[in-house]
Amino acid sequence: MLSGPEPQRTILEKKLKKQVIGLTQYKVIFITGNHALYEENELPARITKVGLITTCEIEEILNSSRLLISRSGYS
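Predicted model, so just to flag it, every value in this text is computed and none were measured.

Across the protein chain, pLDDT averages 83, with 87% of residues at or above 70. Confidence, read as mean pLDDT per element, is least for strand E2 (residues 47-50) in the protein chain (88) and greatest for helix H2 (residues 55-63) (93).

Okay, the nonpolar core next. Of all hydrophobic cores here, the largest spans 7 residues; its members are Leu 2, Leu 16, Val 20, Val 28, Phe 30, Leu 43 and Ile 47. Looking at this core, the elements with two or more residues in it are helix H1 (8-20) and strand E1 (28-31).

Turning next to a nonpolar patch on the surface. Taken together, the side chains of Met 1, Leu 62 and Leu 68 define a hydrophobic patch exposed on the protein surface, amounting to about 280 Å² of accessible area. Its place among the elements puts Leu 68 in the segment after H2.

Cut-offs and rules
Residues take numbers from 1 onward in each chain, read along the sequence in its written order. Where local features are concerned, this predicted model is filtered to residues with pLDDT of at least 70; where side-chain atom pairs are given and counted, the filter is 80 or more; whole-chain, interface and lining totals use all residues. Side-chain numbers here rest on the full set of heavy atoms in the structure, without hydrogens or water. Scored from 0 to 100, pLDDT records how confident the predictor is in each individual residue. Secondary structure counts use DSSP, requiring at least four H or I residues in a row for a helix and at least two E residues in a row for a strand, with both numbered from the N terminus. For our purposes a nonpolar core is just a set of buried Ala, Val, Leu, Ile, Met, Phe, Trp, Tyr and Cys residues, chained together by side-chain atoms within 4.5 Å. Here's how the labels work: a residue is buried when its accessible area is under 20% of the maximum for its type, exposed when over 50%, partly exposed in between, all with a 1.4 Å probe on protein chains only. For patch detection, residues must exceed 30% relative accessible area and be free of salt bridges, and they are connected within 9 Å for like charges or within 5 Å for nonpolar side chains (Val, Leu, Ile, Met, Phe, Trp, Tyr). Note that accessible areas follow from Shrake-Rupley with a 1.4 Å probe, and for residues the cover is restricted to the protein chains shown. By salt bridge we mean one thing: a side-chain nitrogen of Lys or Arg within 4 Å of a carboxyl oxygen of Asp or Glu.

Put into structure tokens, the structure is as follows:
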């Protein structure tokens, strides 16, 4: 889950993208929390980027995850 003030949120997203490219054993979902629509052609199919999703969808994703990466303490 990506949150925080800009431009730090986008900086973190770019750094994480570079890192998760090498984690081929994981399916990755970036939850950006904004209204923008994304077309990430440069990302492998196992990496998904979504904007706003419901609380139930977030709960389902978090509960089914084997690995969570977060930046604690922002909000």
